[in-house]
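Coordinates in review
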Amino acid sequence: MDAARASRFVGAAAARGIGVSFEFFPPRTAEMEQSLWEAIGRLAPLRPNFVSVTYGAGGSTRERTHATVKRILAETMLTPAAHLTCVAATCAEVDAVIAAYAQAGVRHIVALRGDPVGGVGERFAPHPGGYRHAADLVAGIKRNADIEVSVSAYPEKHPDSPSVAADIDMLKAKVDAGATRAITQFFFENDLYFRYLERVRASGIDVPIVPGILPVQNFKQTKNFAARAGAAVPDWLAQRFEGLEEDAATRKLIAAAVAAEQVLDLVDHGVTDFHFYTMNRADLVYAICHLLGLRPAREQTTSTHPHAQKERA
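First things first, this report covers the structure right here in the doc.

Moving on, we get to the nonpolar core. Nonpolar side chains in soluble globular proteins generally cluster together in the buried interior. Grouped together as the largest cluster of nonpolar side chains are 67 residues, with contacts concentrated most on Phe22, Leu84, Ile141, Leu171, Ile209, Phe274 and Phe276. The contact partners of Phe276, leaving out residues within four places of it in the chain, are Val20, Ser21, Phe22, Glu23, Ile213, Val263, Val285, Ile288, Cys289 and Leu292. Counting residues in hydrophobic clusters, the runner-up holds 18 residues, among them Ala81, Ile183, Leu214 and Tyr277.

Encoded structure:
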């Protein structure tokens, strides 16, 4: 590696091919709705490759996802990637969702198996008439619509997988079914990502493996989230937030420093694409993107024209 760090050249994001995407979740309340759209408004000028919207099985969660995706399509120039799972639904029901997304103008789906209905810790059981797993779902999407499909990847192994090797076999099955990108579960040790990437490439998988980055908005919440997701929280990270429970201002500065350190190290090792789990907040993500050299393109960020998305595509 050159003595001059690649990440120091913040004004050359385009030349270095830096690309970002952002994940949001559909709001449950009017207050959360406002926060979401404030975050979207703040981050949209950075012109992400796409923005993804998470999805829950059945009921109001699914409907909130649909509503959020449709509003992004109608009111912004952003490219939405709708999450889709195969939990608690028949193939016909999932196919109907795929068709509805395609009709609405969605051209990108993030296909996930999804968590068991009873939550993390319960053993997953496919619906008797449904897709069995994520690879099966990817094949169903590609069979039903001309839609790009991204999938998940797990540097620390999916909690339900018996081994990393089995996990990589499933990733290969998803790619063979038509997925063209994998987005990783968040991680805090970059070595985990690079070791995983080596194993993935050795298995013959050549699609982009985009690192998922989770800025630590709230350390206690992040630790609980990580426990459910099977992601390790290293001791050094806990120590950086130690004693700051009542000091929100310093916590925010530490969070920015931690995330910047991780992302800039990835850049220095040749990574050019990043997927940010925003938690519907823009401040830390915007700051990190600024360090990456991304700058607002204000004149091209939003449009109320109903065909704006189609024209851009």
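Further remarks concern the environment of Thr272. In this fold, Thr272 is placed in the loop between helix H10 (248-268) and strand E9 (273-277). Distance in space between the C-alpha atoms of Thr272 and Pro211 is 9.6 Å, their sequence separation being 61 residues. Of note is the side chain of Thr272, whose polar atom sits 3.4 Å from the side chain of Asp273.

In this section: the state of the cysteines. This structure, assessed with the given rule, holds 0 disulfides. Free cysteine: Cys86, not disulfide-bonded; nearest cysteine sulfur from Cys91 at 8.5 Å. The exposure class assigned to Cys86 is buried, which follows from its relative accessible area of 1%.

Taken in spatial order, the 9 strands make up an open sheet running E7-E6-E5-E4-E3-E2-E1-E9-E8, and their pairing is parallel. In this open sheet, the two edge strands, each paired with only one partner strand, are strand E7 (209-210) and strand E8 (212-213). Inspection of the sheet shows strand E2 (residues 50-53) paired to strand E3 (residues 80-85) by 3 bridges, in the parallel sense. Directly across from Val51, in E3, lies its bridge partner Pro80. Each of E3 and strand E4 (108-112) touches helix H4 (residues 91-104); the most contacted strand, E3, lies at about 175° to it. Contacting strand E5 (148-153), strand E6 (181-184) and E7, helix H6 (residues 164-176) crosses the sheet at an angle of about 180° to E5.

Conventions adopted
- Residues numbered from 1 in each chain as written.
- Predicted model: local features only at pLDDT ≥ 70, side-chain atom pairs only at ≥ 80, totals over all residues.
- Heavy atoms only, no water.
- Core = buried A, V, L, I, M, F, W, Y, C linked by side-chain atoms within 4.5 Å.
- Buried < 20%, exposed > 50% of the residue type's maximum accessible area, 1.4 Å probe, protein only.
- Contact = heavy atoms within 4.5 Å.
- Helix = DSSP H or I, 4+ residues; strand = E, 2+ residues; numbered from the N terminus.
- Polar contact = N/O pair within 3.5 Å; in protein donor to acceptor, adjacent residues only side chain to side chain.
- Disulfide = S-S within 2.5 Å.
- Pairing = 2+ DSSP bridges.
- Axes fitted to C-alpha atoms, helices over the stretch in contact; angles between N-to-C directions.

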